[in-house]
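The primary structure of each chain is shown beneath.
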Amino acid sequence: MQMRRLLLALLVAGSLTSSAQDYRPRYHFTPPQNWINDPNGLVYHDGRYHLFYQHNPFANQWGHMSWGHAVSTDLLRWEHLPVAIPEFTEGGKTTAIFSGSAVIDAGNRNGLCPPGTTDCFVAVYTGNVTQGDRQLAQYQNLAFSADGGGTFTQYAKNPIVEIGSKEFRDPNVFWYEPEKKWVMATVKATEHRAAFYESTDLKTWRFLSHFGPTGDTTKVWECPALVRVPIQNEPGKSRWVLFISAGHPQPGYVGMQYFVGNFDGNTFTLDPENPKPTAPAVANVVDWGKDYYAAIQ
């Protein structure tokens, strides 16, 4: 009888474990526990994909925004790593680690990491600064890692871009090969404008231009991503596509819109072959499902 009870207990425990795992997505990434939202800085380095993501290390609700971290060799199976960039407090002010992007500075050419570092991981993110319950500012910060993204050091001269705003966020950085420079796309969220900056060293940035307002402006703009996309069946030809998370043609939804055009290293302009998008009915929607949002490169 005692053996039967033991077997029954083991079976029940096994079924509970299996049942609990059944509620976890098998296709979409989830953290081991607690809150997750925007993905940040998916980069590939030495055979592994690194995914950083908005994360609350302490609870299953939004708050204490930090960057979680996981790695994968196939984008399907993930190894969970410790929090990469935690929220921090200095001088009575708390800086939450909001959305952004990550790049690899090959050979540590810009000298952010210590001498001898092979490749320097560089994260550019929005610092959301508060004091108690009062928001003070949003600006763009930089952090770097000499150990493959395991631990990050805050850049001593942060912020790298500041405009005196509480609604200025989500830097997305990429390498613009024609001019051998870095380009940063950000948003002035309540103005419904994307703002572009350039840098040769990731530390000093110069304003280039604005895009917007246009398209869907029913909600704030967030999480820009400017990507060069090849044209199918037209070898050697491409267009630039600007993704913006905003409103949605269906009331009550949020979503992502896209704009097709050209980027000359300074300004993004809409493709003249396409009519100017208007909000909300004919904006170019990436996905018509509810809450498809903040999907960035």
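Refer to the preceding data block for the structure.
Nothing here was measured: the structure is a model prediction, and the numbers come from that model. (Residues numbered from 1 in each chain as written. Predicted model: local features only at pLDDT ≥ 70, side-chain atom pairs only at ≥ 80, totals over all residues. Heavy atoms only, no water.)

Let's shift gears to the overall build of the chain. Scanning the chain for helices and strands turns up one helix and 18 strands. Taking all 297 residues of the chain together, 43% fall into the buried category. For the chain, restricting intrachain contacts to residue pairs at least 6 apart in sequence, the fraction spanning at least 24 positions comes to 48%. On the chain, roughly 15,600 Å² of surface is accessible, and the fraction owed to carbon and sulfur atoms is 53%. (Helix = DSSP H or I, 4+ residues; strand = E, 2+ residues; numbered from the N terminus. Buried < 20%, exposed > 50% of the residue type's maximum accessible area, 1.4 Å probe, protein only. Contact = heavy atoms within 4.5 Å. Areas by Shrake-Rupley, 256 points an atom, 1.4 Å probe, with all protein chains shown as cover.)

Burial of strand β3 (residues 66-72) is extensive: seven of the seven residues sit out of reach of the surface. Of the two faces of β3, the one holding Ser66, Gly68, Ala70 and Ser72 and the one holding Trp67, His69 and Val71 are both buried throughout. Sheet topology places strand β2 (residues 48-56) next to β3; seven bridges connect them, and they run antiparallel. Paired with Phe52 across the bridge in β3 is His69. Bridge analysis of β3 against strand β4 (residues 79-85) gives four bridges, and the strand direction is antiparallel. The partner of Ala70 across the bridge, within β4, is His80. Adjacent in sequence and paired antiparallel, β3 and β4 are bridged by six residues, among which Leu75 carries a positive phi angle near 65°. (Pairing = 2+ DSSP bridges.)

Spatially, four strands are ordered β11-β12-β13-β14 in an open sheet, and the strand pairing comes out antiparallel. Single-partner strands in this sheet number two, and they are β11 (168-176) and β14 (206-211). If you compare each strand with its neighbour and ignore which way they point, the axes differ by 25° on average. (Axes fitted to C-alpha atoms, helices over the stretch in contact; angles between N-to-C directions.)

This part takes up the environment of Ala59. Note on placement: Ala59 falls in the loop between β2 and β3. Classification of Ala59 by relative accessible area gives partly exposed; the value is 22%. Every residue in contact with Ala59, bar those within four places of it in the chain, is listed here: Asn34 and Trp35.

Within the largest apolar cluster, 19 residues are counted, with the highest numbers of intra-cluster contacts made by Leu202 and Trp205. In terms of residues, this core owes the most to one element, strand β7 (residues 119-131), which gives three residues. Apart from residues no more than four positions distant in its own chain, Leu202 is found in contact with Val103, Asp105, Asn110, Leu112, Val122, Leu142, Ile160, Val173 and Trp182. With 18 residues, the next largest nonpolar core counts Tyr176, Leu226, Ile244 and Phe259 among its residues. (Core = buried A, V, L, I, M, F, W, Y, C linked by side-chain atoms within 4.5 Å.)

Moving on, we get to the pairing of strand β1 (residues 35-45). With seven bridges connecting them, β1 and β2 associate as antiparallel partners. Within β2, the residue paired with Trp35 across the bridge is Asn56. Hairpin connection, β1 to β2: the antiparallel pair is bridged by two residues, and Asp46 has positive phi, about 50°.

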